[in-house]
Amino acid sequence: MAELNPGPITTNNHGIPAGSDNQSLTQGPQGPVLLHDHYLIEKLAQFNRERVPERVVHAKGSGAFGVLEITEDISRYTHAEFLQKGKKTEVLARFSTVAGEQGSPDTWRDPRGFALKFYTEDGNYDLVGNNTPVFFIQDPIKFPDFIRSQKRLPDSGLRDHNMQWDFWTLRPETAHQVTWLMGDRGIPKSFRHMDGFGSHTYLWVNAEGERFWVKYHFKTNQGIEFLTQAEADELAGSAPDHHRQDLFGAIANGDFPSWSLEVQIMPYADAENYRFNPFDLTKVWSQKDYPRIKVGTMTLNRNPRNFHSEIELAAFAPSNLVPGIEASPDKMLLGRVFSYADAHRYRIGTNYAELPVNAPKSQLSSYSKEGAMRHHYNSPDTPVYAPNSFGGPHADEERYGNPAGWDTSGDQIRSAYVKHAEDGDFVQAGILYREVMTEDAKERLAANIIGHVSNGVVEPVRSRVFDYWTNVDAELGKKVREGVLANLAETEPAAGPSPVAPGSEAAKI
Ligand code: NDP
C-alpha cells in the first residue's frame with residue numbers, strides 16, 4: 001500500500017538507493033539472509049556504533065543555545081573583546097548531574113554542571129562551572145579517587161553511601177561542599193531555578209596589562225527554587241528526565257530562561273593577605289569583602305535540533321581561554337586545563353573541535369592536520385610547517401606570547417594550600433549553616449544528612465560522620481548523631497554482629 005505523504009527515496013550512506021525499508025535480502029523466502037545485502041549490513045553496523053562513550057562525570061546533561069549580552073562597562077578589569085559593553089555573543093549551555101550515568105534520574109542529590117561555551121570573535125571561550133561556588137577537593141590528584149567514591153562498588157555495581165562518607169570524612173576539606181549538597185540547593189527544582197558559578201578563580205587582564213582576580217556568578221532570573229528529598233524521590237520514579245523536559249519545554253514555549261552575569265573582582269595584590277586563600281576551590285570570597293558587580297545577561301532561547309550532535313558531542317574545556325582571561329594558581333583549575341580536552345580526544349576523537357557545535361565561528365588558521373575523521377584542510381599552497389617563507393599562519397608573539405600570569409617562586413614540592421588567617425576545613429561550612437541558612441533550611445539539612453547516613457553507613461565511618469558534623473557545628477553534630485542512632489535502633493537487632501561495610505572482604509563471605 002502506498003504510504004501517505006512519502007518523503008524522498010531512501011538511500012544508504014553513500015547516496016545509493018536502498019532496496020527496501022522493510023525486507024532483508026534472502027535466498028528464497030525461507031533462505032538465509034545474504035551478506036551482500038550491503039544496505040542491511042550498513043544499517044546494523046551503523047546502529048552498533050551510534051553511541052560515543054558517556055562522560056566519566058557529568059554524563060547526564062541537557063542544553064540549549066542563547067546569547068550573552070554585556071550591559072555594563074567592565075573594560076577597567078579585562079580587555080576580553082566579548083566582555084565589552086554592548087557586545088552580544090552566541091552561547092551554548094549544558095547543565096548536568098555529576099555522578100549519575102546517562103539514564104539516571106535528573107533529581108538525584110548532586111551538584112549540577114553549568115558548562116558554557118561562548119562563540120567569541122577571538123575563538124571559543126569555555127567556562128566550565130557548577131551550580132555551587134565551591135567543590136569537594138583542592139587538588140586534582142584526588143579527583144579520580146573522589147569520583148570513584150561517589151560512583152559504584154566494584155562487585156555489585158551499586159552506589160554506596162558508606163563509600164561516599166568514607167571519602168568525605170577522610171578529606172575534611174569536603175565539608176563546605178557537602179553542607180551545600182545536603183542542603184536545599186543540593187536538588188534544584190529545575191536547571192532554570194539554580195545559579196551558576198565559574199567556581200574557580202580566574203585572572204582578568206585589562207588593556208594596560210593590570211591584573212585582577214575574578215569569580216563568576218550567574219544569578220538565575222527565575223528565582224532559586226529547590227525540591228525536597230521526598231519530592232525528588234517521587235520524580236526520580238515518575239519523571240526521571242524532569243529537568244531535561246523542563247528546560248526544553250520552557251524554551252519551546254518561548255519562556256526563555258535568563259541569568260544575570262555578575263563578578264567578584266579582587267585586586268591582584270589583595271590575594272596574598274586575604275583572610276581566606278582565594279585560590280582554594282573549597283572556599284568562597286565573602287561577598288561582604290568583594291561584592292558582586294553586574295556585567296550582563298545570558299538568555300537561552302534556542303533548543304538543540306539534534307541532541308546527539310549538539311549536546312552529547314559538545315565538548316567544553318577550561319583550557320579554552322581567550323585573550324584578556326587567564327588561569328590562576330587554583331590547582332583544581334590547572335588540573336582541569338589538561339584533563340577536559342584530553343577526555344574529549346578520547347571520548348569523541350582527536351578532531352572533536354571540527355564538529356559544528358565545537359568549531360569556532362571566528363577565523364581558524366591552525367597547523368593541525370589529518371587524524372581520524374578529519375575533513376577540514378588548508379589550501380594546498382598553505383605550508384604545513386612554521387616558520388615558512390610562503391604566507392603560512394604565524395603566531396603573534398608580541399601580543400599573545402607572554403601571559404600576564406602570576407608571581408611565584410620556590411622549590412618543587414607537594415604541598416597543601418598555604419593557610420590564610422581564617423582558613424580551616426570547617427570554617428565556611430559553619431558560616432553557611434549558622435549565618436546563611438534559615439531555621440527551616442537547617443532542619444531540612446539535618447534531616448537529609450540523617451536519612452543519607454542511616455542508609456548503609458557503618459563503623460568506623462559512621463563515628464567519623466558524627467565528628468565531621470560536630471566540627472561544622474556542635475548543634476548540627478548532635479542532631480545528626482541522635483537522628484542516625486535513633487534510626488538504627490529501629491532497624492538493627494538489639495544484639496548481634498556489628499554491621500559490615502558493603503563491598504568489604506567480610507561482606508563477600
Ligand atoms: P553573604 O551573606 O553575602 O552571601 C550568602 C550567600 O549564600 C548568597 O549568595 C546566597 O545566595 C547564598 N545562600 C542562601 N541560602 C543558601 C543555601 N541554603 N545554601 C547555599 N547558599 C545559600 O555571605 P558571604 O559571601 O560572606 O558568604 C557566607 C556563606 O554563604 C559562605 O560561607 C558560603 O557558604 C555561602 N555562599 C557564598 C557565596 C559567595 O560567593 N561568597 C555564594 C553562595 C553561597 P542567594 O543570594 O542566591 O540567596
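Use the structure listed above.
My aim in this report is to walk through the structure given alongside it, one point at a time. (Residues numbered from 1 in each chain as written. Predicted model: local features only at pLDDT ≥ 70, side-chain atom pairs only at ≥ 80, totals over all residues. Heavy atoms only, no water.)

A look at the overall build of the chain
At step 1: A count of helices and strands for the chain gives 14 helices and 10 strands.
At step 2: In terms of C-alpha radius of gyration, the chain reaches 26 Å, essentially the compact-globule figure of 23 Å for 509 residues.
At step 3: Its C-alpha atoms give the chain principal-axis dimensions of about 75 × 70 × 50 Å.
At step 4: Looking at the 509 residues of the chain, the share that counts as buried comes to 46%. (Helix = DSSP H or I, 4+ residues; strand = E, 2+ residues; numbered from the N terminus. Rg over C-alpha atoms; globule rule 2.2 N^0.38 Å. Buried < 20%, exposed > 50% of the residue type's maximum accessible area, 1.4 Å probe, protein only.)

Some details on helix α2 (residues 143–150)
At step 1: For α2, every residue scored as buried is listed here: Phe146, Ile147, Ser149 and Gln150. All buried residues of α2 fall inside an arc of 160 degrees around its axis, so they share one side.
At step 2: Next to the buried residues of α2 lie α3 (161–170). (Arc of directions from axis to C-beta. Contact = heavy atoms within 4.5 Å.)

Some remarks on the site of the ligand
At step 1: Around the ligand lies a shell of 17 residues, among which His176, Lys219, Trp285, Ser286 and Gln287 are the nearest.
At step 2: Residue Lys288 places a side-chain N or O atom 3.1 Å away from an oxygen atom belonging to the ligand.
At step 3: Contact distances for the ligand include 3.4 Å between an oxygen atom and a backbone N or O atom of Gln428.
At step 4: Expressed as a share of its isolated accessible area of 800 Å², the protein-covered part of the ligand is 80%.
At step 5: Contributing elements (two or more residues each) for the shell around the ligand: α4 (175–182), β7 (211–220) and α10 (427–436).
At step 6: Examining the composition of the shell around the ligand, we find that 4 residues originate from one element, α10, more than from any other.
At step 7: The class makeup of the residues in the shell around the ligand is 7 nonpolar, 6 polar and 4 charged. (Near = heavy atom within 4 Å. Polar contact = N/O pair within 3.5 Å; in protein donor to acceptor, adjacent residues only side chain to side chain. Areas by Shrake-Rupley, 256 points an atom, 1.4 Å probe, with all protein chains shown as cover. Nonpolar A, V, L, I, M, F, W, Y, C, P; charged D, E, K, R; others polar.)

Some points on the packing of aromatic side chains
At step 1: On inspection of all chains with the given rule, the structure shows 28 aromatic pairs.
At step 2: Where Phe135 meets Phe146, the ring centres are 5.7 Å apart and the plane angle is 85 degrees; that geometry is what we call edge-to-face. With Phe135 in the loop between β4 (123–130) and α2 and Phe146 in helix α2, the pair connects residues that are 11 residues apart, well separated along the chain. An identical accessibility class is assigned to Phe135 and Phe146; each is buried. (Phe/Tyr/Trp six-rings, centres within 6.5 Å; stacked < 30°, edge-to-face > 60°.)

Digging into the environment of Leu158
At step 1: Within the secondary structure, Leu158 sits in the loop between α2 and α3.
At step 2: With relative accessibility at 52%, the residue Leu158 sits in the exposed group.
At step 3: Contact partners of Leu158, with chain neighbours within four places excluded, come to Lys151, Arg152 and Leu153.

Quick word on the environment of Arg148
At step 1: Tracing the sequence through the fold places Arg148 in helix α2.
At step 2: On the accessibility criterion, Arg148 (56% relative accessible area) is exposed.
At step 3: Taking C-alpha positions, Arg148 is 23 Å from Trp469, a pair spaced 321 residues apart along the chain.

What to know about the pairing of strand β1 (residues 61–70)
At step 1: Across the 10 residues that make up β1, a large majority, 8, are buried.
At step 2: Strand direction decides the pairing type here: β1 and strand β2 (residues 88–97), joined by 9 bridges, are antiparallel. Opposite Phe65, over in β2, you have Leu92 as the bridge partner.
At step 3: By the bridge criterion, 6 bridges tie β1 to strand β9 (residues 293–302) in an arrangement that is antiparallel. Note on β9: the bridge partner recorded for Glu69 is Thr297. (Pairing = 2+ DSSP bridges.)

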